[in-house]
Amino acid sequence: AAHDFKIVYIGKNTGNPYFDSITGGFQDACKQIGCQFEFVAPATAEATSQIPLIDAQVQKGVNVIAIAPNSPDAMNQALDAARAKGILVLAVNGDLVGNESHRDANILPVDFTKTGPNQVELMGSLIGYKGDIAILSATTEAPDQNTWIAAMKKTLAEDAKYKDMHLVATVYGDDQPEKSTTEMEGLLSNYPNLVGVIAPTTVGVAAAAQVVQQRGIADKVHVTGLGLPSEMRDFIKDGTVKAFQLWSPYNEGWLAAYFADGVLNGTIKNEVGQKFDVPNLGSITIGDKNVMNTQAELTTFDASNIDNFNF
Amino acid sequence: MTDASAPDLPLISARGISKSFAAIEVLRDVDLDLRRGEIHALLGENGAGKSTFAKILAGVHRPSRGTLALNGEPVEIHTPIAAQRLGITLIHQEPISFPDLSVAENLVLGRTRGSPLAPVPWIEMAREARRLMDLLGVKIDVNRPMRGLSIADQQMVEIARALASDSRLIIMDEPTAPLTPKEVETLFGIARRLRNEGRTIVFISHRLEEVRQLCDRVTIFRDGNKIATDDIANLSDGDIIRLMIGRPLREYMKKQGTTIGEVALKVEHLSSPGLFSDISFELRKGEIVGLGGLVGAGRTDVARAIFGVAPAQSGTITIDGKAVTIASPSQAIGLGLAYVSEDRAISGIFRTLSVEENITAAVPRQIAPQGVIRRAIARTLASDSVRKLRIRLASLRQPIGELSGGNQQKAILARWLLTDPSVLILDEPTRGIDIGVKAEFYEMIGDLAAGGHAILLISSELPELLALCDRVLVMSEGRLTADIPRAEATQESIMRAAVPRSSKTAVAA
Amino acid sequence: MNALRAILLRREMGIFVAIIVFCAIVGILKPRFLELDNLRVILLLVPLIMIAAMGEMLVVIARHVDLSVGSTLGFAAMMTALMFKLHPEIPFYLGFPVAIGIGAVLGLINGITVIVFRLPAIIVTLGTLYLYRGLTFIASGARQIDRQFIPSPLKAMSANSPSYWLPWIVIIAVVVVLLAYWFANHTRLGRQVYALGSNPAAAPLRGIPVTAVTLAVFAISGALAGLAGILYASRWGFVNPSNTGWGFEFQVIAAVVIGGVSINGGVGSVLGVVLGVLLLGCVSAALPLLGIPGTVQSAIFGLVIIVALVIDQTVRERGVQALTTTRGARA
Amino acid sequence: MNALRAILLRREMGIFVAIIVFCAIVGILKPRFLELDNLRVILLLVPLIMIAAMGEMLVVIARHVDLSVGSTLGFAAMMTALMFKLHPEIPFYLGFPVAIGIGAVLGLINGITVIVFRLPAIIVTLGTLYLYRGLTFIASGARQIDRQFIPSPLKAMSANSPSYWLPWIVIIAVVVVLLAYWFANHTRLGRQVYALGSNPAAAPLRGIPVTAVTLAVFAISGALAGLAGILYASRWGFVNPSNTGWGFEFQVIAAVVIGGVSINGGVGSVLGVVLGVLLLGCVSAALPLLGIPGTVQSAIFGLVIIVALVIDQTVRERGVQALTTTRGARA
Ligand SMILES: Nc1ncnc2c1ncn2[C@@H]1O[C@H](COP(=O)(O)OP(=O)(O)OP(=O)(O)O)[C@@H](O)[C@H]1O
Ligand SMILES: Nc1ncnc2c1ncn2[C@@H]1O[C@H](COP(=O)(O)OP(=O)(O)OP(=O)(O)O)[C@@H](O)[C@H]1O
Ligand SMILES: [Mg+2]
Ligand SMILES: [Mg+2]
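Residues numbered from 1 in each chain as written. Chains lettered and ligands numbered in written order. Predicted model: local features only at pLDDT ≥ 70, side-chain atom pairs only at ≥ 80, totals over all residues. Heavy atoms only, no water.

Colleague: When you look at the overall build of chain A in this model, what are you seeing that I'm missing?
Modeller: Counting its secondary structure elements, chain A contains 9 helices and 14 strands. In summary, chain A has a C-alpha radius of gyration of 20 Å against a globular reference of 19 Å for 311 residues, a match within 12%. Its C-alpha atoms give chain A principal-axis dimensions of roughly 60 × 35 × 35 Å. Intrachain contacts of chain A at a sequence separation of at least 6 include 70% that bridge at least 24 residues. As displayed, chain A offers around 11000 Å² of accessible surface, 51% of which is attributable to carbon and sulfur atoms. (Helix = DSSP H or I, 4+ residues; strand = E, 2+ residues; numbered from the N terminus. Rg over C-alpha atoms; globule rule 2.2 N^0.38 Å. Contact = heavy atoms within 4.5 Å. Areas by Shrake-Rupley, 256 points an atom, 1.4 Å probe, with all protein chains shown as cover.)

So this is what it looks like as structure tokens:
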């Protein structure tokens, strides 16, 4: 079987540390498998900016295109053209919501329906399940964040366990540190008895932690959310942040590479319900709409384990 | 800095100086010696090459051929700074100013030495500036910004600069054009003193009488060639003019018997605080009314007010018996007014546009009947004007910025003549225009009047007013001080009305 | 004609040379670049910029600048898309007058602000760049309009079906260019734009209706940005409140200035701008083809802008010495 | 000084009024806005813009413009951060000369290109805006430098610990402002900057070293952008190749022009620019406090720019009639 296939991963945009660790997973997996890996990404996360990259990759004749789509539908024609040439198209970390037919399979870190509840539970455990909390999100139209926030609201409203936690505001930092910071400052000024802030976005959680650190109010306001260990390590160490969550982006790349290898070599059938084993990840199941998850629950990072993670 | 070297050795000797702009040779093998301690006049028609030669001496242009020697030593004058270091200063034809800087700063700019971070001596600077201004008898607040100064005032600042930089060669390119007789006198006094100190002065002017008063020797240019250099005493006005234009000059005689019709323009109690007040006069068809006065008297402001550029605060304007309010120039034009403004550089030409487009700019409807331009019409209109006014140019499509000062002025006049206006306001129309063309201008203005146009002629040149006008209005410090019929108009009567009651000369508001 | 014509020719010659050189190099490295197939790719890349650049050109010639074209494009596109979403029954071609009209209005707002308050256009349109973008967010509730809401015939205008080689979107761009050429060179208003830019101080004294001309150029720029807006919906099949038209102004202005239009007003030709747009198009098409990583692309884009201008400039300088002083001072 | 001084005073008065009005309104709606605590928030927002604005001011007064400040900031910040990452032993304060030096070099490149090829600065720096951003990507391998690599003492300079009320970063900004004031008003070079911008054509005739002055303003602008770069690392604790300094140029230029610096050169004061920066700071701090949704914020930001300029303009117009025609033409 040919294991030296060419696989490219098209990120949302360059310089996004999140994709550095996904890329790491791809690279290491390819070392094991023997495939050739390349990472490309547009300078900006503009919806159309990935299209020329896709076209170019098709012309270069890669075997697998893995992509973190910047838009649920802008790339449809381009991707169809690729698949028409027999290229395997995987959406990795983010899906073509509503346009699943334009990719072969989708790899997500976790079952995103779990993200909301997990985050609420973590926040509850930090603040003793009572008090005012707020959410600092990415952009207003970010699809993932919006689904998670919806889930959080649902959990807070329906689960009696959280009846004493009140969501007082949801603000958007557009994933820019400056804007996230001013929004955080605004929250603190507007809601004096705020006890917790959930920032389900890596830029936002770092910015929020920074504000708390500078104001020296870590004991009053608890910050948590989805963050990268590399960015949050300092805040964990100086106690600004007790704990935050994420999955392993690294494993997404790892899984994607092994899945592609399996499909290209016929050892894996890309059909709903199929099971297969992946080194270090154990058994993976192809779920509804050909979606796969690298892990069941989110990983929680705190002082005890932060140093075990290198991404 | 008088030189020890032999006195008979010329300060500057130019040999075979030639200059071409874009293949057009505008100076041809000019040899010229400038002696120490002389005032040397450069005369010539518009575009003869006077300014270009001056600019070459001052390092603004490099000659395409030829050599310069200073005290017998060959020199290369690469830049204006180099010229300054050599003690050569040029007062430009169009005064140079930095509108946002104070007058004092404009005076010292470029002369101060020292490290880039050297502190600016604001106090001393202002004191020195005041001293120079007093020397010239000009009353300008040296701390006000240059912007808003009348051209005259700007010119005086230029002159003050030249004095301050103690140079051995000072070139004045038509310095007197915008000045009052009084200011001219002061300037001449200073010029003579500088000469007696052994400095050399080059004086460019179109006014023969001034040249006679001031200069020792004259050099005459025609079409970029040096025609002659001689002591002024050895040349009659006739000789000079013949040498300049290569033909004897027809003396202009005001046509008599132009029938003066009914009132075309009537202005009553026009006032604009700070600039002028209570201006009232009539202007009849076929009549040429002069508007005299010292520079800064407010004539331009009156003109600007009538033409709707800066409408007056109060007062009424009546055209052909109908009271009108003119809020914008386009309205004024619609009402048959035309205004040739005084400073062409700022408010006259469209630098980047061709001569053709500049000439036809004011008659869009003629060249574009349905809004679409007819090149053919435009070209014929333009070339006719060019022929009529003898505008010297390479091509109708040449950017007007490349023409000489005088020729630009002609083009602008041509533009307005095309509009065939019923009331024509001319603000210093012949400033910087040579005698040859002046005569043509006078004739044209006369014809226009004869053709039933009403003409308001703003001029600082008394002979011009006397020769042309049926009546002469005089302004002083923003008020009308006299309305003199042709018969009684004399230099004296006009000047008497022009000199401000308060003896000080008018200055910037 | 000779003098001026000569200069103009030279101007365009410079950028023309730049294009040839660039395409030659790329063609040698990747012969595919010169294939007809790829030419179509380029032609599909440029129409939006081309159309907006025609408007920007007029604004710049009038010695103003319009930084808000990107946001105008976004707003017009969003409003039109919303209309289609809420009233699917509306025939797609009605989207054009709507988009163009909206664009014209936004342009007029720019012009009026500039005129009434005598503010520099660069800063007024910097303000409206944010303002119009914000309005797009508000109007759309920060939600993207997905492709199912964009009428299929509209999307079809960008698809280059074999039946005719050039898709509609390209043909529209060509028509706009021809109109712009005619307007700039053969209409009274067009020439008045040049005059105004050439000497704003003198313009009113010559009876040039400064207000009217200024409003006209901004309105035209806005209208063309609006047209580009609906074509964006056609080309990409969706409208996104934050992405659509983002950074567009930079590309448009780059194209205009590369095309030899003087920032100091009064100078510029349609031909030049067309070439400027094409150069940028070639570059954007070439970089991915050459497999140049995204990290390097913006560096190259920047280099191209500068190099193109340098070539243009040096070619122009030669033989136009007479003007150097002036331009030197202006540069 | 009365005449000139009077006008200048008026200029700043306009923007000053704007600030008072704005703060008053916000203060009424949200008394907390006027508390000391919030003032500190504002003061922490502005230093970077303040520093870069001083450089931009000089460039604009010289009748140029520097669109590349954002990319320069990003590049300088990235290089410094890389240095710290690769050589953790280097003391943090050495980062300042490095960042400033790098910025100055990038600025010089802008200036040299403008001078040598006589190109308009707006387009040269538009090119380097992309170029420097691209270089940042290349140098960093498109990787963000995370906070563990930024020296703690450097980060501490932005933390407002209770021990001293004003963090270092603010103090640095104040020093830069004072130096800028001294330079612009009391040094020969400073005045030559004004002269050059006031009449570029005449400058060489007056023996003003145009080249030197031009290079100086661009170098200063670059150097200050570089300083802002290392302070960015201090303030945010990381450097990202695409975010760091992105869109920064718009804010800086907005502040400068709101501060009454004329795009036509020759006019502008440090005091005005300081006020301009503070106004923008107040706005960014106020919007979230007022609980205004992100979707509306950029619209408001745009409005503020325009309104501020309008107030400024109207206040200025009064009493300076003599100049109206001229300015009218320029606007
Ligand atoms: N920068 C330039 N580019 C091209 N041609 C020029 C330039 N400067 C001057 N000329 C040409 O050189 C010739 C001489 O011009 P110059 O200004 O020296 O004439 P002048 O004697 O000063 O006339 P005037 O009395 O009107 O000032 C004119 O024909 C003019 O068109
Ligand atoms: N365009 C202008 N902008 C500002 N101030 C002006 C302007 N024109 C004239 N002034 C001011 O008004 C005063 C009157 O000057 P004005 O030009 O009206 O006098 P004048 O009699 O026309 O003299 P000139 O011979 O210079 O035309 C001048 O001293 C000047 O300060
Ligand atoms: Mg001359
Ligand atoms: Mg006058």
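Colleague: I tried to follow the overall build of chain C on my own but got confused; where do I start?
Modeller: Along chain C, the regular secondary structure elements total 15 helices and 0 strands. The contacts in chain C between residues at least 6 apart in sequence include a share of 79% that link residues at least 24 apart. Working note: accessible area of chain C is about 11100 Å², and carbon and sulfur atoms make up 73% of it.

Colleague: Explain the state of the cysteines here, please?
Modeller: Each disulfide consists of a covalent bond between the sulfur atoms of two cysteine residues. Using the criterion set out here, one finds 1 disulfide over all chains in the structure. One disulfide in the model links Cys30(A) with Cys35(A); its S-S distance is 2.1 Å. Between Cys30(A) and Cys35(A), the disulfide has an S-S torsion of -105° and is therefore left-handed. When sorted by exposure, Cys30(A) lands in the same class as Cys35(A), which is buried. No disulfide involves Cys23(C); its nearest neighbouring cysteine sulfur is the one of Cys282(C), lying 3.7 Å away. Given a relative accessible area of 17%, Cys23(C) falls into the buried group. (Disulfide = S-S within 2.5 Å. Buried < 20%, exposed > 50% of the residue type's maximum accessible area, 1.4 Å probe, protein only.)

Colleague: Teacher, can you tell me more about the interface of chain D and chain C here?
Modeller: Interfaces are often sized by the accessible area lost when the parts come together. Taken residue by residue, the interface counts 47 residues in chain D and 47 residues in chain C. Together chain D and chain C conceal approximately 4200 Å² of surface at their shared face, both sides included; 81% is due to carbon and sulfur atoms. In terms of surface lost to chain C, no three residues of chain D exceed Arg118(D), Tyr130(D) and Phe250(D), which account for 18% of the buried area on that side. Taken together, the connections running from chain D to chain C amount to 0 salt bridges. At the boundary of chain D and chain C, one finds 0 residue pairs in polar contact (both at pLDDT 80 or more). Put simply, the parts of the chain that give the side of chain D that touches chain C at least two residues each are α5 (95-117), α6 (121-140), α11 (248-258), α13 (294-317) and α14 (324-330) of chain D. If one sorts the elements of the side of chain D that touches chain C by residue count, α6(D) sits on top with 14 residues. Grouping the constituent residues of the side of chain D that touches chain C by class yields 32 nonpolar, 12 polar and 3 charged. (Buried area = accessible area lost by both parts, 1.4 Å probe. Salt bridge = Lys/Arg side-chain N within 4 Å of Asp/Glu carboxyl O. Polar contact = N/O pair within 3.5 Å; in protein donor to acceptor, adjacent residues only side chain to side chain. Nonpolar A, V, L, I, M, F, W, Y, C, P; charged D, E, K, R; others polar.)

Colleague: I would appreciate a short explanation of helix α8 (residues 168-186) of chain D in the present structure.
Modeller: Note that an α-helix has 3.6 residues per turn; residues three or four places apart therefore point the same way. Given a rise of 1.5 Å per residue, 19 residues ought to cover 27 Å, and the 27 Å separating the end C-alpha atoms of α8(D) matches this to within 8%. Within α8(D), the full set of buried residues consists of Ile169(D), Val170(D), Ile172(D), Ala173(D), Val176(D), Val177(D), Ala180(D), Phe183(D), Ala184(D) and Asn185(D). (Expected span 1.5 Å × (residues − 1).)

Colleague: I'm lost on the coordination of the magnesium ion (ligand 3) in this one. Help?
Modeller: Each pair of donors in an ideal octahedron of six around a metal sits at 90 or 180 degrees, and each pair in an ideal tetrahedron of four sits at 109.5 degrees. All names here are of chain B. Donor atoms from the polypeptide that bind the magnesium ion (ligand 3) are Ser 51 (OG) and Gln 93 (OE1), placed at 1.9 to 2.1 Å. Highlighted residues: Ser 51 in helix α1 (residues 50-57) and Gln 93 in the loop between β6 (88-91) and α3 (103-108), separated in sequence by 42 residues. Residue Ser 51 is classed as buried on the basis of its relative accessible area of 17%. (Donors = N, O, S within 2.8 Å, 3.2 Å for Na, K, Ca; no water.)

Colleague: What is the right way to read the side chain of Ser221(D) from this model?
Modeller: Within the secondary structure layout, Ser221(D) lies in helix α10 (residues 210-236). Beyond its immediate stretch of four places on either side in the chain, Ser221(D) contacts Gly55(D), Glu56(D), Val59(D), Asp66(D) and Val69(D).

Colleague: It is not clear to me how the side chain of Asp100(B) should be interpreted in this structure. Could you clarify?
Modeller: Residues and elements named next belong to chain B. Note that Asp 100 resides in the loop between β6 and α3. Here Asp 100 falls in the buried class, since its relative accessible area comes to 8%. Reaching out from Asp 100, the side chain makes a polar contact with the side chain of Arg 147 at a distance of 2.6 Å.

Colleague: Before we go on, may I ask you to explain the sheet that holds strand β12 (residues 276-284) of chain B in this structure?
Modeller: Backbone-to-backbone hydrogen bonds pair the strands of a sheet. The strands run either parallel or antiparallel. Residue and element names in this part refer to chain B. Spatially, 4 strands are ordered β12-β11-β14-β15 in an open sheet, and the strand pairing comes out antiparallel. Either end of the sheet is taken by a strand with one partner, and the two such strands are β12 and β15 (322-324). Taken pair by pair, the neighbouring strands of this sheet meet at an average axis angle of 20°, ignoring direction. Sheet contacts for helix α9 (residues 299-306): β11 (263-272), β12 and β14 (314-319); angle to β12, the most-contacted strand, approximately 70°. (Pairing = 2+ DSSP bridges. Axes fitted to C-alpha atoms, helices over the stretch in contact; angles between N-to-C directions.)

Colleague: Please explain the packing of aromatic side chains as it appears in this structure.
Modeller: The description of an aromatic ring pair uses the distance of the two centres, along with the angle that the planes make with each other. Tallied over the full model, the rule gives 29 aromatic pairs over all chains. Aromatic side chains Phe26(A) and Phe37(A) sit 4.8 Å apart centroid to centroid with 10° between the ring planes, which places their arrangement in the stacked category. Pair noted here: Phe26(A) is in helix α1 (residues 17-33) and Phe37(A) is in strand β2 (residues 36-40), with a separation of 11 residues, a long-range link. Note on Phe26(A): relative accessible area 0%, which makes it buried. Taking 5.1 Å as the distance between ring centres and 20° as the angle between the ring planes, the aromatic pair formed by Phe244(A) and Phe301(A) counts as stacked. With Phe244(A) in strand β10 (residues 243-246) and Phe301(A) in strand β14 (residues 299-302), this pair connects stretches of sequence that are 57 residues apart. Pair check on accessibility: Phe244(A) and Phe301(A) agree, each one buried. Members of the aromatic cluster, joined through ring pairs, are Tyr9(A), Tyr18(A), Phe19(A), Phe26(A), Phe37(A) and Phe39(A). Seen from the ring of Phe149(C), Lys85(C) lies directly overhead, with NZ or CZ sitting 4.8 Å from the centre. (Phe/Tyr/Trp six-rings, centres within 6.5 Å; stacked < 30°, edge-to-face > 60°. Lys NZ or Arg CZ within 6 Å of the ring centre and 35° of its normal.)

Colleague: Help me understand the site of ligand 1 in this model?
Modeller: In the vicinity of ligand 1 there are 20 residues, among which Asn46(B), Gly47(B), Ser51(B), Thr52(B) and Gly406(B) approach most closely. One finds residues of chains B and C in close proximity to ligand 1. Between ligand 1 and Glu174(B) there is a distance of 3.3 Å, counted from an oxygen atom to a side-chain nitrogen or oxygen. Measuring from an oxygen atom of ligand 1, one finds a side-chain N or O atom of Arg392(B) at 3.5 Å. Contact with the protein chains covers 90% of the free accessible surface of ligand 1, which is 630 Å². Breaking the shell around ligand 1 down by element, the ones donating at least two residues are α1 and α15 (405-419) of chain B. (Near = heavy atom within 4 Å.)

Colleague: What am I meant to see in the interface of chain C and chain A here?
Modeller: Taken together, the contact pairs 19 residues of chain C with 20 residues of chain A. The contact between chain C and chain A buries some 1600 Å² in all, and 53% of this surface belongs to carbon and sulfur atoms. Scanning the region where chain C abuts chain A turns up 0 salt bridges. Taken together, the connections running from chain C to chain A amount to 0 residue pairs in polar contact (both at pLDDT 80 or more). Broken down by element, the side of chain C that touches chain A gets its largest block of residues, 3 residues, from helix α14 (residues 294-317) of chain C.

Colleague: In this structure, what is going on with the sheet that holds β2(A)? I would like to understand it.
Modeller: Residues and elements named next belong to chain A. An order of β2-β1-β3-β4-β5-β13 is seen for the 6 strands of this open sheet, with the pairing classed as parallel. Strands at the two margins of the open sheet, each flanked by one partner only, are β2 and β13 (291-293). Pairs of neighbouring strands in the sheet enclose a mean axial angle of 20°, with direction left out of account. Of the pairings in the sheet, the one linking strand β1 (residues 6-10) to β2 comprises 5 bridges and is parallel in character. The partner of Val 8 across the bridge, within β2, is Glu 38.

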